[in-house]
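Given next are the chains, with one letter for each unit.
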Amino acid sequence: MKLNISSKLLIILLDAVFSFFLFQIVAGLLAYFYYMPPLNGFLATWVLYYIVSYIICRRTLGQYFFNAGIIDFGNKNLFALRLILRELTSSLPAVILLLFGWNHLSPIRFLATLLICSIFAIFRKKIFRIKVEKMAQSYSSDEKRVFKNIAYTFIVLIISATAVRAINTLATNDNLLLKERPMCAAPCPSGHSVGKYVDFLHENKSDINDYIFSLFEKYDYVILCERAHSEMTQYDMIYSIVSDNRFVDSVGNVFTEIGCVDSREAYKAFLDREFKNEEEVDSSLASFMTVNQSVHLLWPNTNWFNFLKRLYYLNHGKSTKVNLLFSDRNWIDRTELDSRDSIMAENIVSTLKNDSLRKSLIIMNYRHAYLTPGNCGYYISQAFPGKVANVMINTGSVSLIDLLFGKETMIPTLHGKWDAAFKQIKDSDCAFDFDGSPFGEDEFDHFVMPWNHVRALKYKDMFTGFIHYKAPEEQFTDIGYSHIFDPDNEKQLRAREAALKGYSLDYWKEQLKNGITRQEGMDIYYSSGSIENQIYIIVCAVAAILIGLMGLISYCRISKKRSNI
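Residues numbered from 1 in each chain as written. Predicted model: local features only at pLDDT ≥ 70, side-chain atom pairs only at ≥ 80, totals over all residues. Heavy atoms only, no water.

**So, the overall build of the protein chain**
Okay, step 1: Along the backbone of the protein chain there are 25 helices and 13 strands.
Okay, step 2: Based on the C-alpha atoms only, the size of the protein chain along its principal axes is roughly 100 × 50 × 50 Å.
Okay, step 3: Of all 565 residues assigned to the protein chain, the portion counted as buried reaches 52%.
Okay, step 4: Put simply, of all contacts in the protein chain between residues at least 6 apart along the chain, 77% involve residues at least 24 apart. (Helix = DSSP H or I, 4+ residues; strand = E, 2+ residues; numbered from the N terminus. Buried < 20%, exposed > 50% of the residue type's maximum accessible area, 1.4 Å probe, protein only. Contact = heavy atoms within 4.5 Å.)

Next up, the structure:
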């Protein structure tokens, strides 16, 4: 006897919710040894739940309520094998996992998998000789017992899952996050589960500055891959490198993505100026930054203002200076904007060759630091084969859940696996080569969309080395600086606003009306944890509604039976 569509959908929903809570328990029990990512872990648990339920009981919890189950009309000796293949190739969670459960979403693999799974799903009865139908024997006389069994099972499972999830969250999260942003705290990898990373760090980590200068012994040009542009602490680390005596003596040059090539001489003139006090320095620097724009209407990041200011004090009055060289152009005319990476690279390469600069540090953000085709780092590496290294500064990956809601937010790299490792060591601010490390063997999940081809690579394929400087919760962003909207500066910006389309100076004036605005690292990297927790609460509510709905269906069944007596 066949099930109707509404019964089938309700069975799927019941089993999905049951599997969701089961996943919380399984993930919690395995957490000490292995971290199960939320989406893939849930889907894998759902598939396993189907297989175990069918082998042991011939039905799932949802099918039990509707008096349904599987009927096998194939070779009994091969039942388990046929069942497992059926669930791994044509069940809903398995198909979703096979299509989307990869770090890199390859279009070819996606289409091939979709075709194969579609064939298995359409012809699953003929291929696997198993079907789901209502049982011939009804237990309508025992509706109350059936409902109570399912309801009690659900309630016990929800309570157990919630307790295990809470313990897992408390055991794997930083105390600061638990105290300051409890709703953002979700289960993370445990310290024990990342033992191989911790062992590597104990044996191989280096001082950040020492590591960078060791790279300059092997390479002429080192590209630093910046975090989010406005993150503050990274520029403390960068300043520490360029203010090191070894930098002035053996390197001397810093190229930056931010800033316009045409402003190089103006900045040199700023360095040579004498100012009566710090207020004059700030005012003059703000005026310079108003003119020194590239892609955007305004570059209001505090770290850039502070970095230029610190370089002023470092260089002023000295014969040997840190040579700061901007790499971009002023993009009032945007006809060549798609070629921005090659243009920045050409500005860098031509300067290196024309000025005979033997060594340089190059600061690029995000993909511009990649050595893969189409990126600034690639063009530089092609101009100087074997002489370019690139180093990633610890940051995060993109949250695919938030992306579905139209937001580009960050989550810890590899679900926090690396962060868990660094929490286990003293002096976690360090650096090392990716090659030969377990970090380098991990799948590349930098702030890149999953369909980008580089997601098929490993970290060691994308970067020479890695710098860990400040844990995510210690990082923060600042926007704004003094004198930013002084009358003359605003006049310049209004003229730029008129020349650019799609930008609003009033937006920035509103954002900065109360001065510098800050976003804490906990809000940058862990906001997706809040969404995870909201999803958990919603699923709990759905489970409660399902229990109520099953109770209503049971009541209607019993009433119908009594009316027929």
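**Notes on the pairing of strand β6 (residues 360-365)**
Okay, step 1: The element β6 is largely enclosed, with a buried count of six among its six residues.
Okay, step 2: Residue alternation in β6 divides its side chains into two sets, Ser360, Ile362 and Met364 and Leu361, Ile363 and Asn365, and both sets are buried.
Okay, step 3: The sheet contact formed by strand β3 (residues 221-226) and β6 spans six bridges and is parallel. Note on β6: the bridge partner recorded for Ile223 is Ile362.
Okay, step 4: Note: strand β4 (residues 253-260) against β6, three bridges, orientation parallel. Across the sheet, residue Phe255 finds its bridge partner in β6, namely Ile362. (Pairing = 2+ DSSP bridges.)

**With respect to the packing of aromatic side chains**
What characterises a pair of aromatic rings is the spacing of the ring centres plus the angle enclosed by the ring planes.
Okay, step 1: Per the counting criterion, the structure on display carries 49 aromatic pairs.
Okay, step 2: With 5.5 Å between their ring centres and 80 degrees between their planes, Phe20 and Phe21 make a pair best called edge-to-face. Side by side, Phe20 and Phe21 carry an identical accessibility label, which is buried.
Okay, step 3: Here the basic side chain of Lys131 rests over the ring of Phe73, its NZ or CZ set 5.6 Å away from the ring centre.
Okay, step 4: Between the NZ or CZ atom of Lys470 and the centre of the ring of Tyr469, over which it lies, the distance is 5.3 Å. (Phe/Tyr/Trp six-rings, centres within 6.5 Å; stacked < 30°, edge-to-face > 60°. Lys NZ or Arg CZ within 6 Å of the ring centre and 35° of its normal.)

**Some details on helix α15 (residues 278-291)**
Okay, step 1: The end-to-end C-alpha distance of α15 is 20 Å, a good match for the 20 Å that 14 residues give at a rise of 1.5 Å each.
Okay, step 2: Every buried residue of α15 is listed here: Val281, Asp282, Ser284, Leu285, Ala286, Phe288, Met289 and Thr290.
Okay, step 3: Measuring from the side-chain oxygen of the N-cap residue of α15 to the backbone nitrogen of Glu279 gives 3.2 Å; that N-cap residue is Asn277. (Expected span 1.5 Å × (residues − 1). Polar contact = N/O pair within 3.5 Å; in protein donor to acceptor, adjacent residues only side chain to side chain.)

**A short note on empty space enclosed by the protein**
Okay, step 1: Under the counting rule described, the total for this entry stands at one cavity of 30 Å³ or more.
Okay, step 2: Lining the largest cavity, in full, are Asn394, Thr395, Thr413, Trp418, Asp419, Phe422, Phe466 and His468.
Okay, step 3: Residue assignment for the lining of the largest cavity shows that the elements contributing at least two residues are α20 (417-422) and β11 (465-468).
Okay, step 4: Ranked by residue count, the leading element in the lining of the largest cavity is α20, at three residues.
Okay, step 5: Here the lining of the largest cavity is composed, by residue class, of three nonpolar, four polar and one charged. (1 Å grid on protein atoms, 1.4 Å probe; cavity = no way out; pocket = protein on both sides within 12 Å on 5 of 7 lines; lining within 4 Å. Points joined across faces, edges and corners; volume = space filled by probe spheres on them. Nonpolar A, V, L, I, M, F, W, Y, C, P; charged D, E, K, R; others polar.)

**A few points about helix α12 (residues 233-242)**
Okay, step 1: In terms of burial, α12 is a largely internal element, eight of the 10 residues being buried.
Okay, step 2: Looking only at α12, the buried set comprises Thr233, Gln234, Tyr235, Met237, Ile238, Tyr239, Ile241 and Val242.

**Regarding the sheet that holds strand β5 (residues 323-328)**
Okay, step 1: On the basis of which strands lie adjacent, the open sheet formed by seven strands has the order β5-β4-β6-β3-β7-β11-β10 and mixed pairing. Whereas interior strands pair on both sides, the edge strands pair on one side only; in this sheet they are β5 and β10 (430-433). Adjacent strand axes in the sheet meet at a mean angle of 25 degrees, parallel and antiparallel pairs treated alike.
Okay, step 2: In the sheet, β4 pairs with β5 via five bridges, with the strands oriented parallel. In the strand pairing of β5, Cys260 is matched with Asp328.
Okay, step 3: Against the sheet, helix α11 (residues 208-218) touches β3, β6, β7 (388-393), β10 and β11, its axis set at about 30 degrees to β10. (Axes fitted to C-alpha atoms, helices over the stretch in contact; angles between N-to-C directions.)

**Remarks on the pattern of salt bridges**
Okay, step 1: A full pass over the atoms with the stated rule returns 28 salt bridges.
Okay, step 2: For Glu133, the salt bridge is made with Lys131, and the minimal N-O distance between the two is 3.3 Å.
Okay, step 3: For Glu133, a relative accessible area of 12% translates into the label buried.
Okay, step 4: Residue Lys131 is classed as partly exposed on the basis of its relative accessible area, which comes to 24%.
Okay, step 5: Arg246 is the partner of Asp244 in a salt bridge, and the nearest nitrogen-oxygen pair spans 3.0 Å.
Okay, step 6: With a relative accessible area of 35%, Arg246 lands in the partly exposed category.
Okay, step 7: Via salt bridges that share partners, Glu490, Arg494, Glu497, Asp506 and Lys509 belong to a single interconnected network. (Salt bridge = Lys/Arg side-chain N within 4 Å of Asp/Glu carboxyl O.)

**Describing unusual backbone geometry**
Okay, step 1: Phi is positive for Asn67, close to 55 degrees, though the residue is something other than glycine.
Okay, step 2: With respect to the helices and strands, the residue Asn67 is situated in the loop between α3 (61-65) and β1 (68-72).
Okay, step 3: Exposure remark for Asn67: the relative accessible area of 9% places this residue in the buried category.
Okay, step 4: Even without being glycine, Arg129 reaches a positive phi, approximately 60 degrees.
Okay, step 5: The topology assignment puts Arg129 in the loop between α7 (124-128) and β2 (130-134).
Okay, step 6: Using a relative accessible area of 36% as the deciding quantity, one classes Arg129 as partly exposed.

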